[in-house]
Amino acid sequence: MADGTSETKSSNQMWGGRFASGPDAIMEEINASIGFDKKLYAQDIRGSIAHATMLAHQGIISADDKDKIVHGLNTILSEIESGQFEFSRRLEDIHMNVEARLATLIGPAAGRLHTARSRNDQVALDFRLWVKEELQKTDTALTALIAAFLDRAEEHADTVMPGFTHLQTAQPVTFGHHCMAYVEMFGRDRSRVRHAIEHMDESPIGAAALAGTGFPIDRHMTAAALGFRGPTRNSIDTVSDRDFALEFLSIAAIAATHLSRLAEEIVIWSTPQFGFIRLSDAFSTGSSIMPQKKNPDAAELVRAKTGRVNGSLIALLTVMKGLPLAYSKDMQEDKEQVFDAAESLELAIAAMTGMVRDMTIRVDRMKAAAGSGYSTATDLADWLVREAGLPFRDAHHATGHAVALAEERGCELAELALDDLKAINPAITEKVYDVLTVEASVASRTSFGGTAPENVRRQIAWWRERN
Ligand code: ARG
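Residues numbered from 1 in each chain as written. Predicted model: local features only at pLDDT ≥ 70, side-chain atom pairs only at ≥ 80, totals over all residues. Heavy atoms only, no water.

**Focus on the overall build of the chain**
At step 1: When helices and strands are counted, the chain shows 18 helices and six strands.
At step 2: The globule rule puts the C-alpha radius of gyration for 467 residues at 23 Å, and the 31 Å found for the chain is more than 25% above it.
At step 3: Considering only C-alpha atoms, the chain reaches an extent of 100 × 50 × 40 Å along its principal axes.
At step 4: By the burial criterion, 50% of the 467 residues in the chain qualify as buried.
At step 5: Looking at the chain alone, contacts between residues at least 24 apart form 74% of all its contacts between residues at least 6 apart.
At step 6: Taken as a whole, the chain presents about 21900 Å² of accessible surface, with 54% of it coming from carbon and sulfur. (Helix = DSSP H or I, 4+ residues; strand = E, 2+ residues; numbered from the N terminus. Rg over C-alpha atoms; globule rule 2.2 N^0.38 Å. Buried < 20%, exposed > 50% of the residue type's maximum accessible area, 1.4 Å probe, protein only. Contact = heavy atoms within 4.5 Å. Areas by Shrake-Rupley, 256 points an atom, 1.4 Å probe, with all protein chains shown as cover.)

**A look at a nonpolar patch on the surface**
At step 1: The grouping of L210, I236 and L325 at the surface amounts to a nonpolar patch, some 280 Å² of accessible area in total.
At step 2: Positionally, L325 belongs in the loop between α11 (297-320) and α12 (334-358).
At step 3: Here L325 falls in the exposed class, since its relative accessible area comes to 69%. (Patch = residues over 30% accessible without salt bridge, like charges linked within 9 Å, V, L, I, M, F, W, Y side chains within 5 Å. Salt bridge = Lys/Arg side-chain N within 4 Å of Asp/Glu carboxyl O.)

**What to know about the pattern of salt bridges**
At step 1: If you walk through the whole model with that rule in mind, you get 31 salt bridges.
At step 2: One salt bridge in this structure joins E134 and K137, with 3.7 Å as the shortest N-O distance. With E134 and K137 both in helix α6 (residues 119-155), this residue pair falls three residues apart, about one helical turn.
At step 3: In this structure E134 comes out as buried when scored by relative accessible area, which is 3%.
At step 4: With a relative accessible area of 46%, K137 lands in the partly exposed category.
At step 5: One network of salt bridges, with partners in common, ties together E92, D93, R119 and K329.

**Section: the packing of α11 against α12**
Relative orientation and spacing of two packed helices are given, respectively, by the angle between their axes and the distance between those axes.
At step 1: It is at 9 Å that the axes of α11 and α12 come closest, and there the two elements cross at 155 degrees. Comparing the axis directions of α11 and α12 gives the class roughly antiparallel. For the pair α11 and α12, the crossing hand works out as left-handed. Of the residues in α12, those in contact with A298, A299, V302, K305, R308, V309, S312, A315 and L316 of α11 are D334, Q337, D340, A341, S344, L347, A348, A351, M352 and M355.
At step 2: Split by residue class, the contact of α11 with α12 holds twelve nonpolar, three polar and four charged. (Axes fitted to C-alpha atoms, helices over the stretch in contact; angles between N-to-C directions. Parallel < 35°, antiparallel > 145°, perpendicular 65-115°, else oblique. Left-handed = near helix turned anticlockwise from the far one by under 90°. Nonpolar A, V, L, I, M, F, W, Y, C, P; charged D, E, K, R; others polar.)

**Things to note about the pairing of strand β2 (residues 168-174)**
At step 1: Of the pairings in the sheet, the one linking strand β1 (residues 160-165) to β2 comprises six bridges and is antiparallel in character. Bridge pairing in β2 places M161 opposite V173.
At step 2: The antiparallel pairing of β1 with β2 creates a hairpin that spans two residues between the two strands, and H166 there sits at a positive phi of about 55 degrees. (Pairing = 2+ DSSP bridges.)

**Looking at the nonpolar core**
At step 1: Counting 95 residues, the largest nonpolar core has V131, F149, F186, L259, I277, M352 and M355 as its most contacted members.
At step 2: Considering every element that reaches this core, the biggest residue donor is helix α10 (residues 243-269), with 16 residues.
At step 3: Dropping the residues within four chain positions of it, I277 is found in contact with I266, W269, S270, M359, T360, I361, R362 and M366.
At step 4: If you look at the next biggest cluster of nonpolar residues, it comprises 22 residues, including A381, A402, A406 and V435. (Core = buried A, V, L, I, M, F, W, Y, C linked by side-chain atoms within 4.5 Å.)

**Digging into the packing of α6 against helix α7 (residues 175-200)**
At step 1: Between α6 and α7, the least distance of the axes is 9 Å, while the angle of their chain directions is 165 degrees. Looking at the two axes, α6 sits roughly antiparallel to α7. Classified by chirality, the crossing of α7 by α6 is left-handed.
At step 2: Of the residues that constitute the contact of α6 with α7, the class distribution is 17 nonpolar, five polar and seven charged.

By themselves, these are just geometric observations and shouldn't be taken as functional.
Listed below in structure tokens is the structure:
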């Protein structure tokens, strides 16, 4: 209750021994995380089952109590999943909501579950498990996006388009090559995701509050049961570490930045002025007033989601930057940032995969644009170096004259008469026209990583083996 009156003054059932009364309503409101950390229910229950099983195996609790605990936890899992569970803000967070319900279901045995652990290692575990699963989902989503690009690249390995620098026509490239640039970007994102899974693949449970525990627990056993490579090595670091969340957010921010650049290109390409692509009806919207319009809303929203994801990264970095070791309640502010960024990223990747798969490539428009803006000027200069033995700087100069002349005549380079070209440099022959077409230009770029269609096909094959 925001008016400052306490809903109830009864003291907390988890630590009531030290407390005469319950929290003020405002205290409860600022303190509670159940509104968002209920998302961690499955991880919390999995963690508790692994912990209780280990406690019994080590003779710390009886097998009978363990059975009651595991049975009770499974009941709670189905109550939550069927929507019957009543979450209570007075119980602060998911950990205490589950434990309190367990006490109602199984009685005193429930009180033994929290032996040799703390909410500090418990939340570190739950959140790590959640982020790990999210990273695995991101891996799958990126794989689908890369697959969509590989298909489009294959289809358009020979389709010429203008390549840009400064968004000014630079040299002709193929659309397939352009697609493969995004494959490289999303491929790097995916490898960052896989490295992050490696980094975080250690189990926090058993670090307890911060110092470890005197109970003879087996942290290797819980780590194995929860699918981790092993346990974390330092109990203080374990409960104060949120690198796994920060790493997820940084990876998400970089991936969102890639998505945003692609979104920007889609917005530009789909304008009538560029007309390089047509978005499918499924991934565009109309205007309520202008009947001719087809708007790239999905691309715009993907571009905008980047702002949220970047914001989440900065928010959590800022939360963490001044915290003394080990746990501080500030760290409770980690989850919403990660949840929001994860939702935005998942949606953005899915929307982009749909757009890439469905968009129509307007080959004629791309080809016409590829030849305009003197895009083969470098080919002319290279020809003068190769065939006439000019130093590149002189060839560049001569080509500059040819471009100026073409501009004056209002024509393309290939439309200049041989006599005009000879006047610029007498070594120029009829053969020069072979390199002035966009097709010849792209076909000639056979250097490793270059835009020649044969190279692009090789790149596609290389990626297909790795996707
Ligand atoms: N809800 C808390 C969080 O998200 C759980 C850990 C609470 N630990 C504590 N010592 N109060 O961080």
